[in-house]
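So you can see what is in the structure, the chains are spelled out below.
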Amino acid sequence: MEKSCTLLVHFDKGTPAIANEIKEALEGNDVPAKIDALKKAIMLLLNGETIPQLFITIVRYVVPSEDHTIQRLLLLYFEIIEKTDSKGTVLREMILICQNLLNNLNHPNEYIRGVTLRFLCRLKETEVIEPLIPAVLLNLEHRHPFVRRNAVLAVMSIYKLPQGEHLLDNAPDLIEKLISTEQDPSAKRNAFLMLFTSAQERAVNYLFTHIDRINDWGEQLQMVVLELIRKVCRANKGEKGKYIKIIISLLTAPSAAVVYECAGTLVSLSSAPTAIRAAANTYCQLLLSQSDNNVKLIVLDRLNELKSSHREIMVEMIMDVLRALSSPNLDIRRKTIDIALELITPRNIDEVVLLLKKEVMKTQGGELEKNGEYRQMLVQAIHSCAIKFPEVASTVVHLLMDFLGDSNVASAIDVVVFVREIIETNPKLRISIVTRLLDTFYQIRAARVCSCALWIIGEYCLSLAEVESGIATIKQCLGELPFYTPTEEGESQDTSKTSQQANSMTVSSRRPAILADGTYATQSAASETAMSPPMLAQGSLASVGNLRSLIVAGDFFLGAVVACTLAKLVLRLEEVQPSKVEVNKASSQALLIMTSMLQLGQSSFLPHPIDNDSYDRIVLCIRLLCNTGDDARKIWLQSCRQSFVKMLADKQFREAEEIKAKAQITHAQPDDLIDFYHLKSRKGMSQLELEDEVHDDLKRATGEFVKDGDDANKLNRILQLTGFSDPVYAEAYVTVHHYDIVLDVTVINRTKETLQNLCLELATMGDLKLVERPQNYTLAPESSKQIRANIKVSSTETGVIFGNIVYETSNVFERNVIVLNDIHIDIMDYISPATCADVAFRTMWAEFEWENKVAVNTVIQDEKGFLSHIIKSTNMKCLTPPSALEGECGFLAANLYAKSIFGEDALVNVSIEKQVDGKLSGYIRIRSKTQGIALSLGDKITLKQKGAA
């Protein structure tokens, strides 16, 4: 069996020092050589080597040394050597150690005394300790505090030994006498800790005797006081009223650690509004006063927990929480915004939005490199506020529209999506939003932002002036037509002259081409690169080519969006423009733009021709403008908007369902007792205690005290490790705690014999690590034993725990081995459903390098039924909205997302098709940043598919 040690030092066992060399160095008079030799001996012992011949040498030549380093190393050596034989009897040569320790305890140097007393805290052999007790007690009165504080710890450890109460029966009296006169904070803390652990009533009496001076005690002693209060109140909840007063008095302590512990203790002991408010105030003060980012993140976690259980109180603290946005750390800002968004009410929404607006304006400075990412977080937060409370949208939408041309594309996308939603949900803002969008459209540089902005222009430009302005804006952003001009060799035409006159620089590129009649020609394409709007007459737009540069670069999806927008605007112009001449003129200009894009897409100028989808879409727009029917007009001008409204309704419904799912549902049993505090005597009770009584009664009445323990789920976690006919029966209850797996193994001796040296030997496969090996046990006939094993988890993947039970009987000298069933740790214990934006999902999908492709193989014939089965089997969240999964078309594609307890992301794409014979085919692709989660999820899906079949 491996012995536990307190010192872990790496030492290369491949080149161990020879024992004779160490012995020679120890016998010499060179102090540095002795120190090196003693260190080598300690390292060899820690690595499993046995050097019994060195013990006498060390006692003769090293123990008498006065060097402090040698004396400290000697204590480490004495700690790790074997002090007992195989039967547990203390070795006779340990008497030599006793004499050395006794000399050290009476040494004139305080350091030698102190480290020796600290060494005694780790000794468990009563025979070695007993002769030293008088010297230990004398050190309690030593003049130096370093000696006294370690003497108190030594007394406490001796008193905790199995025979400790017989060795030091008056230890509590001695410590109680010491603490009343002790002035050193550390020694006083150790003395109070001794009373707390060994004589709790004495510690409580001392606490209330000196209750007026608690604020003057040192930080260490105050921390032990809080630990005592927690322990006492857990055992006797009726007395927590008088202790809460002590906690509240400690909230003003100068130590941040004490204040933090006070707030945590207050929340754990009381649910009264006064106590929770005091704790929340304390956390908010720590959030501002502490400069360490890790401390701020921990405090934010505590505030998040308070928000879940005491939201009505935390709502009052929302502005204090938001002051944490002054930190430049993005993680702190993100967590702060997440907390604040769940505390928004009609009363505080104006203050919150005003603060967020100020933060957005600060990001325009550009001093910090991550301003773009922070601005994106703020935009998303304002978007969320505006959706919950539409009346605040008018105060922020115009400010955010200044960032449509943001260099951070993700931030610009969030802004334009926000504008698209607000213009539909707030009809009063439509005119101002459309006008501002047309004025700032030239600033947009990202293709996705342009596409969304063009859709807004096409859907919400309703009046004659808006439609004409929309068409003019698009024309000016496209520049001069055509995009590309083939000319015969020697007659090259430069289409950029006009745009050069408009202060925009155009780049022209040319290449030779063979025409249909066999002659040579030069084809050229022009794109504008400098797009600074000149100062023109009021009301006019600058001739800039953001659309032109993107289309000439080969983005024909954007070209198709431009064609659709122009088609909608022309169709709407027919409704609002009485002059047919103007309508025909606009229609012909739109057709010219569309045909120019088709000509560019089919030319050899671009490395990649236009894709089929964009080509078909542009051709459809051309046919629509050439021959418009009433049904087509209705689809283009009304159905698109109706689909968008339906999408928004589905989104709001999903968000409401998620909020309901997160809400804590509690139930009270009909026979639960309810105490009516109005009928109780209030004599001697403070206001805080009265509030606590009321709150506890409300919790009990609503069932909040009832823990919904799913007994069936607990039974499912019990695994049988051996057979019923085996002489030793074993079963394990598996509990997964984030980074730990705890195995509670019940071992039952089913024989009539005593089993000796019974040992549960476990081994792991995967990223699992056994923390410690269970010890040997002796099991009486037909008795049982509970054995606990702790296993560390380092990554999200399926692991296997296997092992056996080894034991001996009195009749048979051979060891018996029973092989245990394997325990498979399910990956589902580590991942939980989560949500993320579509943009974030696509970004992660492109970045993650590990992919596992699983072919669909199931007898389930319904596409949605199969998707539901996969979601249930993998414990993931479907990001694809239900509206996108409606209908029966024989195809289904959906995205699933989950997050592990280690912060890893798991992405799944399900793409299936229904064959002619009714069977489903397709693939399930899993992507993750690490290999383990991708492989484990793939194995899980493969297994569940076959199980479904």
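Just so we're clear, the structure is a prediction, and the values are computed from it rather than from any experiment.

Rules behind the numbers
Residues numbered from 1 in each chain as written. Predicted model: local features only at pLDDT ≥ 70, side-chain atom pairs only at ≥ 80, totals over all residues. Heavy atoms only, no water. Helix = DSSP H or I, 4+ residues; strand = E, 2+ residues; numbered from the N terminus. Buried < 20%, exposed > 50% of the residue type's maximum accessible area, 1.4 Å probe, protein only. Areas by Shrake-Rupley, 256 points an atom, 1.4 Å probe, with all protein chains shown as cover. Salt bridge = Lys/Arg side-chain N within 4 Å of Asp/Glu carboxyl O. Patch = residues over 30% accessible without salt bridge, like charges linked within 9 Å, V, L, I, M, F, W, Y side chains within 5 Å. Pairing = 2+ DSSP bridges. Axes fitted to C-alpha atoms, helices over the stretch in contact; angles between N-to-C directions. Expected span 1.5 Å × (residues − 1). Arc of directions from axis to C-beta. Contact = heavy atoms within 4.5 Å. Parallel < 35°, antiparallel > 145°, perpendicular 65-115°, else oblique. Left-handed = near helix turned anticlockwise from the far one by under 90°. Nonpolar A, V, L, I, M, F, W, Y, C, P; charged D, E, K, R; others polar. pLDDT = per-residue confidence, 0-100. Core = buried A, V, L, I, M, F, W, Y, C linked by side-chain atoms within 4.5 Å. Disulfide = S-S within 2.5 Å. Phe/Tyr/Trp six-rings, centres within 6.5 Å; stacked < 30°, edge-to-face > 60°. Lys NZ or Arg CZ within 6 Å of the ring centre and 35° of its normal. Lys, Arg positive; Asp, Glu negative; His and termini not counted. Polar contact = N/O pair within 3.5 Å; in protein donor to acceptor, adjacent residues only side chain to side chain.

Here the focus is the overall build of the chain. Counting secondary structure elements, the chain contains 39 helices and 19 strands. Of all 949 residues assigned to the chain, the portion counted as buried reaches 45%. In the form shown here, the chain has an accessible surface area of approximately 48,700 Å², with 51% of it arising from carbon and sulfur atoms.

Counted under the stated rule, the structure contains 27 salt bridges. A salt bridge links R302 to E305; the shortest N-O distance between them is 2.9 Å. Of this pair, R302 and E305 both sit in helix α18 (residues 293-309), 3 residues apart, which is roughly one turn of that helix. On the basis of relative accessibility, which here comes to 22%, the residue R302 falls in the partly exposed class. On the accessibility criterion, E305 (46% relative accessible area) is partly exposed. The structure contains a network of salt bridges with shared partners spanning D173, E176 and R202.

Here we take up a nonpolar patch on the surface. Residues I56, I95 and L96 make up a contiguous nonpolar surface patch of about 270 Å² in total accessible area. Its location among the elements puts I95 in helix α5 (residues 94-105).

As a further point, take the sheet that holds strand β4 (residues 718-720). With antiparallel pairing, the 5 strands of this open sheet are ordered in space as β4-β5-β6-β10-β8. Strands with a single pairing partner mark the edges of an open sheet, and in this sheet they are β4 and β8 (768-770). For this sheet the average axis-to-axis angle between neighbouring strands, irrespective of direction, equals 30 degrees.

A word on helix α28 (residues 464-478). Taking 1.5 Å per residue, 15 residues should reach 21 Å; α28 reaches 21 Å between its end C-alpha atoms and fits that length. Of the residues making up α28, those classed as buried are E466, V467, G470, I471, T473, I474, C477 and L478. Considered in projection along α28, the buried side chains sweep an arc of 160 degrees and stay on one side of the axis. At its buried positions, α28 is contacted by α26 (430-440), α27 (447-460), α30 (546-552), α31 (556-576) and α32 (580-601). Directly beyond the C-terminal end of α28, a positive phi value near 80 degrees is found at G479.

Looking now at the packing of helix α12 (residues 185-198) against helix α14 (residues 219-235). Axis separation between α12 and α14 bottoms out at 8 Å; the angle between their running directions is 15 degrees. What the angle tells us is that α12 and α14 run roughly parallel. For the pair α12 and α14, the sense of crossing is left-handed. Here S186, K188, R189, F192, L193 and F196 of α12 come into contact with α14, specifically with Q220, L221, V224, V225, E227, L228 and K231. When the residues that make up the contact of α12 with α14 are grouped by side-chain class, the tally is 7 nonpolar, 2 polar and 4 charged.

Turning to the confidence of the model for the chain, a few remarks are in order. Residues at a pLDDT of 70 or more form 83% of the chain, whose mean pLDDT is 80. This stretch, residues 700-710, has a pLDDT under 50; its non-local contacts, to residues over four places away or in other chains, come to 19 contacts.

Core analysis: the biggest nonpolar cluster contains 214 residues, and L120, L303, L547 and M594 have the highest contact counts within it. Considering each element in turn, this core owes the most residues, 13 residues, to α31. Look past the residues within four positions of L120 in its chain and what remains in contact with it is L101, L105, L132, V136, A154 and S157. Judged by nonpolar contacts, the second largest core, of 28 residues, contains L721, L779, A789 and Y807.

Attention now goes to the environment of Y77. If you trace the backbone, Y77 turns up in helix α4 (residues 68-80). Distance from Y77 to I58, taken between C-alpha atoms, is 9.7 Å for residues 19 residues apart in sequence. In this structure Y77 touches I42, L45, L54, F55 and I58, once residues within four positions along its chain are discounted.

On to the state of the cysteines. Under the defined criterion, the tally for this structure stands at 0 disulfides. There is no disulfide at C450, and the cysteine sulfur nearest it, in C477, is 7.8 Å away. You can call C450 buried: its relative accessible area is 0%.

Below, the discussion takes up the packing of aromatic side chains. Aromatic ring pairs are reported here in terms of the distance separating the ring centres and the angle at which the planes meet. One pass over the full model with this rule turns up 10 aromatic pairs. Taken together, the ring pairs connect F192, Y206 and W217 into an aromatic cluster. The positively charged end of R333 is found above the aromatic ring belonging to Y374, 3.7 Å away from the centroid. Sitting over the ring of Y923, K853 keeps its end group 4.4 Å from the ring centre.

The interhelical angle for the contact between helix α24 (residues 393-400) and helix α25 (residues 409-425), taken along N-to-C directions, is 140 degrees, at an axis separation of 10 Å. Considering their axes alone, α24 and α25 lie oblique with respect to each other. In this structure, the crossing between α24 and α25 has a hand that is left-handed. Side by side, α24 and α25 meet where A393, V396, V397 and L400 of the first sit next to V415, F418, V419 and I422 of the second. Residues belonging to the contact of α24 with α25 are distributed by class as follows: 8 nonpolar, no polar and no charged.

Glancing now at the pairing of strand β5 (residues 728-737). Note that β4 and β5 share 3 bridges and pair antiparallel. Of the residues in β5, the one forming a bridge with I718 is Y733. Two elements, β5 and strand β6 (residues 740-749), share 10 bridges in a ladder whose sense is antiparallel. By the bridge assignment, H737 is partnered in β6 with D740.

As a further point, take unusual backbone geometry. Of note in this structure, E782 is not a glycine but carries a positive phi near 55 degrees. In this fold, E782 is placed in the loop between β9 (777-779) and β10 (784-793). Overall, the relative accessible area of 51% leaves E782 in the exposed class. Backbone geometry at N875 places phi at a positive 55 degrees, although glycine is not the residue there.

On to the side chain of K296, then. Mapped onto the fold, K296 is located in helix α18. Buried charge without a salt bridge: K296, with D292 as the nearest opposite-charge side chain at an N-O distance of 9.1 Å. Filtering out sequence-adjacent residues up to four positions away, K296 remains in contact with L287, Q290, S327 and I332.

The end-to-end C-alpha separation of α25 is 24 Å, in line with the 24 Å expected for 17 residues at 1.5 Å each. Most of α25 sits out of view: 12 of its 17 residues are buried. Of all the residues in α25, the buried ones are S411, A412, I413, D414, V415, V416, F418, V419, E421, I422, I423 and E424.

What follows concerns the environment of R617. Among the structural elements, R617 can be located in helix α33 (residues 612-626). Along the sequence, R617 and V561 sit 56 residues apart, while their C-alpha atoms lie 8.6 Å from each other.

This part takes up the side chain of H107. Position of H107 among the secondary structure elements: in the loop between α5 and α6 (110-120). For H107, a relative accessible area of 17% puts it in the buried group. There is a polar contact of 3.1 Å between the side chain of H107 and the side chain of E66. When neighbours within four sequence positions are excluded, H107 is seen to be in contact with E66, I112 and R113.

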